[in-house]
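# Observations on chain architecture
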Amino acid sequence: MLQLKKVSKSYTRRRQTVNAIDDLSFDINTGEFVSIIGPSGSGKSTLLMMLGGMLSPTEGQVVINDHSLYDLNADDRASFRQQHIGYVFQAFHLIPYLTALQNVQLPLLIADVDAEEQKLRAKEMLERVGLGDRLDHRPTELSIGQQQRVALARTLANNPDIILADEPTGNLDPELSKQMMNFLSELNAEGKTVVIVTHDMSVADRTKHTIRIEQGQRV
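In what follows, the accompanying structure is described. (Residues numbered from 1 in each chain as written. Predicted model: local features only at pLDDT ≥ 70, side-chain atom pairs only at ≥ 80, totals over all residues. Heavy atoms only, no water.)

## As for the nonpolar core
By size, the foremost hydrophobic cluster in this structure holds 33 residues, and its most contacted members are Val104, Leu126, Val150, Leu152, Ile163, Leu184 and Ile196. Broken down by secondary-structure element, the contributors of at least two residues to this core are helix H3 (100-110), helix H4 (115-128), helix H5 (144-156), strand S7 (162-166), helix H6 (174-189) and strand S8 (193-197). Residues contacting Val150, with those up to four places away along its chain left out, are Leu94, Ala100, Asn103, Val104, Leu126, Leu131 and Leu142. If you look at the next biggest cluster of nonpolar residues, it comprises 27 residues, including Leu2, Ile21, Leu24 and Phe26. (Core = buried A, V, L, I, M, F, W, Y, C linked by side-chain atoms within 4.5 Å. Buried < 20%, exposed > 50% of the residue type's maximum accessible area, 1.4 Å probe, protein only. Helix = DSSP H or I, 4+ residues; strand = E, 2+ residues; numbered from the N terminus. Contact = heavy atoms within 4.5 Å.)

## Structural notes on the sheet that holds strand S10 (residues 217-218)
If you trace the six strands from one edge of the open sheet to the other, you get S6-S7-S8-S3-S9-S10, paired in mixed fashion. Pairing within the sheet leaves two strands with one partner each, and these edge strands are strand S6 (85-88) and S10. One ladder, built from two bridges, connects strand S9 (residues 209-214) with S10; its direction is antiparallel. Residue pairing across strands places Ile213 opposite Arg218, the latter belonging to S10. Helix H1 (residues 44-51) rests against strand S3 (33-37), S6, S7, S8 and S9 of the sheet, and its axis sits at about 155° to S7. The sheet contacts of helix H2 (residues 74-84) involve S6 and S7, and relative to S6 the element is tilted by about 75°. (Pairing = 2+ DSSP bridges. Axes fitted to C-alpha atoms, helices over the stretch in contact; angles between N-to-C directions.)

## Some details on the pattern of salt bridges
All told, the structure shown has three salt bridges when counted by the stated rule. A salt bridge links Arg128 to Glu190; its shortest N-O distance comes to 2.4 Å. Taken together, the residues span a long stretch of sequence, with Arg128 in helix H4 and Glu190 in the loop between H6 and S8 at a distance of 62 residues. Arg128 gets classed as partly exposed once you look at its relative accessible area, which sits at 33%. Of the charged contacts, one joins Arg212 and Glu214 as a salt bridge, the two residues approaching to 3.0 Å between their closest N and O atoms. With relative accessibility at 33%, the residue Arg212 sits in the partly exposed group. Taking the relative accessible area as the measure of exposure, Glu214 reaches 32% and is therefore partly exposed. (Salt bridge = Lys/Arg side-chain N within 4 Å of Asp/Glu carboxyl O.)

What follows is the structure, given as structure tokens:
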């Protein structure tokens, strides 16, 4: 279960305090497929980064599987994130000089997985997203849709039980958007908790539950 307990996040800009998230609380049960929607600047991406253990709240608690994420020290939080959370960015963040296979191996390398096991698991993930024939291609040799699938395969490499996706269809045409949502739906059907941020209602309609936020608050 993912829980936000009276979470706020504030920034100081030009000597003014901006409340990106304001006293927000909600629960997301294990195995749910949830979209977070709202206008630009409403705090959606900030919220997702806090759920992912990458941005500490100013106040409140983020609790995942009974662990208060920001009460863990930095090393323990990174280890928890590595074991349990997969993050799909709108920007793919692929390393340009590495092949698709090597990009997918990266989280396994960081997790100290044996080199041969890295290759086997990375190949398996790429085959799953339909890129078994692109293992040795670098990002510049792949289409936008293929790069997105490499990024998804990398997210799945450590078999996380929670998938967080920030505008996962934002750079894709309608057909590729449909494919991406099909992948996320399949992962949810396998029991993974999937939370996506989107401004696209056709994408939100594919999820089972929707949380709408405006000006950092749930509405």
